[in-house]
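Listed below, chain by chain, are the residues.
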Amino acid sequence: MRGFALRSLVAHPVIRNATALYTVQAAGAILPLVTLPYLSRVLGPRPWGYVLIAQGFASVVALFVEYGFNISATRAIAGCRREPERVARTVSDIYAARAVLLLPAVMAGAAAASRMPAFRQEPRFLIGVALQIGAQGFSPFWYFQGTERMGRAVGVELAARVLGTAAIFLLVHDPADMWRVSAIQGGAGACSTLLPTVWMYRETGWRLPHLGRAGAALRAGFGPFFFRLSTSTSTTANALVLGVLATPLAVGMFGGAERMVLVLLSGFAPLSQALYPRMSHLMASDPRGARRLARLTVMAVVGISCSLAVATWLSAPWLIQKALGPQFTGAVPVFRVLLTLLPLRAVNNVLGLQWLLASGRDSAVAWTTAAAGVTSLALALLLAPGNGALGMSWAVCAAECVALAGFVAAILRPVRHGRGEVVIDEPID
């Protein structure tokens, strides 16, 4: 009986998908730990800052093509995955909507790139930027996540990351090669997008896009888009914002510390991605079960993230020295401030993504994340010019506190349904 129960647990879609995601996430954590010391020493703080600015720029532009579909489309696929025709129409609608977004995003991005020092310093950064925009903007990962069959897609991504890491060691040898870092990473991302896209269309077939349904997909993705935009403002876009307000040297210091924190945060991402379709399903079929799952998840991530933050804070000087090298000793206080993000962002992910978005409360997420994004930008404008990387780290952490307060308030707020009937959400804690 125990063996049967164990086999059933291992075969559960959440466990299976979380295992697949933790495999690629482990690679995503280990591989940067391999390349980060190499690149920080080979390139140095200033060229490394240029690389981070280019990568942040590509991520922001790609975000407007990706929109909120990685969340809203996952939710849609999870709700109709046993209806092949609806799944095929959803895929068609999402890609039609992305095509609508592509042209204005690329035009605005090209205009902005022409004014940025990183691209004036090294125009070949645009190669990697174009590849990264295509890979991130058109990734079909949401389809496999919604159907809870992520194994093959994760395998392709893992292989692409390993090959990209090997290419960095083979092709990047001095600061003049800084553009190759962006090109290699963009090319690896493009490879990990192309093959799963072929698999997806072999399963669903091609459907003629419908403009009206594409518009509906854009409306459904609006709230999740603000969630992703705010998250990007306090993650990948930080280097871009700091590059406008301070020097590439400051970007290099901030980026080195931030990358190390993001490696720690990446440990929570697979569980979140695996739980999201399950929470979306439970919200519709078993609300009490969804509350229990959310409560357990919050308790787990708070305990783990706080313990990890304290241990890492105490060893920060040694970690910076070993990971980045002696040129980055100025990143130690930045790293310590950014460690505050570990518990804050872990809890915000559960409350915002796993609870509010999974229950369809997109507008609450949109307003909260918009407030957090405005806070981050406003404080960056105030603090970064005079305090550089440290000021940017304060701004990012303050914005995450605003998001936490907004999500808690939204969960406790009464929800109106239908003809003014008020339903009080039961607290998850």
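Residues numbered from 1 in each chain as written. Predicted model: local features only at pLDDT ≥ 70, side-chain atom pairs only at ≥ 80, totals over all residues. Heavy atoms only, no water.

Undergrad: Would you explain the overall build of the protein in this entry?
TA: Each helix and strand counted, the protein has 20 helices and two strands in total. For the protein, buried positions account for 54% of its 429 residues. Pairs at least 24 apart in sequence give 84% of the contacts found in the protein among residues at least 6 apart. (Helix = DSSP H or I, 4+ residues; strand = E, 2+ residues; numbered from the N terminus. Buried < 20%, exposed > 50% of the residue type's maximum accessible area, 1.4 Å probe, protein only. Contact = heavy atoms within 4.5 Å.)

Undergrad: Got a minute to help me understand the packing of helix α5 (residues 84-113) against helix α11 (residues 211-220) in this structure?
TA: Each packed pair of helices is defined by two parameters, the angle between the axes and the distance between the axes. Put simply, α5 and α11 touch, their axes get as near as 8 Å, and they point 80° apart. With respect to their mutual orientation, α5 and α11 come out roughly perpendicular. Mapping the contact onto sequence places R89, D93, I94, A96, A97 and L101 in α5 and R213, A214, A217 and L218 in α11. A per-class count over the contact of α5 with α11 returns seven nonpolar, no polar and three charged. (Axes fitted to C-alpha atoms, helices over the stretch in contact; angles between N-to-C directions. Parallel < 35°, antiparallel > 145°, perpendicular 65-115°, else oblique. Nonpolar A, V, L, I, M, F, W, Y, C, P; charged D, E, K, R; others polar.)

Undergrad: Looking at this structure, how should I read the pattern of salt bridges?
TA: Side chains that differ in charge, positive against negative, can pair when their charged atoms come close. Tallied over the full model, the rule gives five salt bridges. For the salt bridge of E400 with R345, the shortest nitrogen-to-oxygen distance reads 3.3 Å. Here the residue E400 occupies a position in helix α20 (residues 362-412), and R345 occupies one in helix α19 (residues 341-357), the gap between them amounting to 55 residues. Each member of the pair, E400 as well as R345, is classed as buried. (Salt bridge = Lys/Arg side-chain N within 4 Å of Asp/Glu carboxyl O.)

Undergrad: How should I be thinking about empty space enclosed by the protein in this particular structure?
TA: As enumerated under the stated definition, the model contains two cavities of 30 Å³ or more in all. Considering only enclosed or pocket space, the second largest cavity measures out at about 30 Å³ in volume. Lining the second largest cavity, in full, are A88, V91, S92, Y201, T204, G205, W206 and R207. Elements supplying a minimum of two residues to the lining of the second largest cavity: α5 and α10 (178-204). The element contributing the most residues to the lining of the second largest cavity is α5, with three residues. Split into classes, the residues belonging to the lining of the second largest cavity amount to four nonpolar, three polar and one charged. (1 Å grid on protein atoms, 1.4 Å probe; cavity = no way out; pocket = protein on both sides within 12 Å on 5 of 7 lines; lining within 4 Å. Points joined across faces, edges and corners; volume = space filled by probe spheres on them.)

Undergrad: Even after reading the chapter, I still don't get the environment of P343, so can you show me in this structure?
TA: Relative to the assigned elements, P343 resides in helix α19. P343 sits 41 residues away from V302 along the chain, and the two C-alpha atoms are 5.8 Å apart. In contact with P343, other than residues within four places in its own chain, are S305, C306 and A309.

Undergrad: For this particular structure, what's the right way to read the packing of aromatic side chains?
TA: Geometrically, a pair of aromatic rings is defined through the distance of the ring centres and the angle of the planes. Using the criterion set out here, one finds eight aromatic pairs in the structure. An angle of 25° between the planes, with centres 6.3 Å apart, marks the rings of Y95 and F138 as stacked. Note that Y95 is positioned in helix α5 and F138 in the loop between α7 (125-137) and α8 (141-146), a separation of 43 residues in sequence. Here Y95 falls in the buried class, since its relative accessible area comes to 13%. For the ring pair F119 and F125, a centre distance of 6.5 Å and an interplane angle of 85° mean the geometry is edge-to-face. (Phe/Tyr/Trp six-rings, centres within 6.5 Å; stacked < 30°, edge-to-face > 60°.)

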